[in-house]
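Per-entry structural report
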Amino acid sequence: MCVPDARVVATGDLLVAPVPYGYGCPPAEWIRTLDALTAIDAAAIVPGHGPVQRDWSYARKVAALLGE
């Protein structure tokens with residue numbers, strides 16, 4: 001969910017902190033979805049679990065981890 005006027009993105013369980021969780025999901029699709037999300041200009045990222053984030057650095061780390 002994205003609230004463009006407020007620059008807020010709620011990721012649901014696509015992004016969970018401090019440890020990513022994705023039992024049974026295809027990593028390539030997860031990476032593609034995270035890449036699409038990081039293209040959004042957001043001031044606040046609300047993960048499914050964990051603290052509100054102010055930039056996409058954690059999402060990029062999760063995508064890099066999945067790529068390995």
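Remember, predicted model here, so these are calculated numbers, not experimental data.

**Considerations on the packing of helix α1 (residues 27-38) against helix α2 (residues 57-67)**
Their axes nearest at 9 Å, the elements α1 and α2 cross at an angle of 155 degrees. Here α1 lies roughly antiparallel to α2, going by the angle between them. In the crossing of α1 with α2, the sense of the turn from one axis to the other is left-handed. On α2, the residues touching Pro27, Trp30, Ile31, Leu34, Asp35 and Thr38 of α1 are Ala59, Arg60, Val62, Ala63, Leu66 and Gly67.

**Topic: the pairing of strand β3 (residues 44-49)**
Bridge count between strand β2 (residues 8-16) and β3: five bridges; the pairing is parallel. Paired with Val16 across the bridge in β3 is His49.

**With respect to the nonpolar core**
One finds Leu15, Leu34, Trp56 and Val62 to be the most contacted residues of the largest nonpolar core, which totals 14 residues. When contributions to this core are tallied by element, the ones reaching two or more residues are β2, α1 and α2. Other than its neighbours up to four places away in sequence, Leu15 contacts Leu34, Ile45, Pro47, Gly48, His49, Gln53, Tyr58, Ala59 and Val62.

**Thoughts on the sheet that holds β2**
In sheet architecture, strand pairing relies on hydrogen bonds along the backbone and comes in two forms, parallel and antiparallel. Ordered in space as β1-β2-β3, the three strands form an open sheet in which the pairing is mixed. What marks the edges here is a single partner per strand, and that holds for β1 (2-3) and β3.

Definitions and limits used
Residues numbered from 1 in each chain as written. Predicted model: local features only at pLDDT ≥ 70, side-chain atom pairs only at ≥ 80, totals over all residues. Heavy atoms only, no water. Axes fitted to C-alpha atoms, helices over the stretch in contact; angles between N-to-C directions. Helix = DSSP H or I, 4+ residues; strand = E, 2+ residues; numbered from the N terminus. Parallel < 35°, antiparallel > 145°, perpendicular 65-115°, else oblique. Left-handed = near helix turned anticlockwise from the far one by under 90°. Contact = heavy atoms within 4.5 Å. Pairing = 2+ DSSP bridges. Core = buried A, V, L, I, M, F, W, Y, C linked by side-chain atoms within 4.5 Å. Buried < 20%, exposed > 50% of the residue type's maximum accessible area, 1.4 Å probe, protein only.

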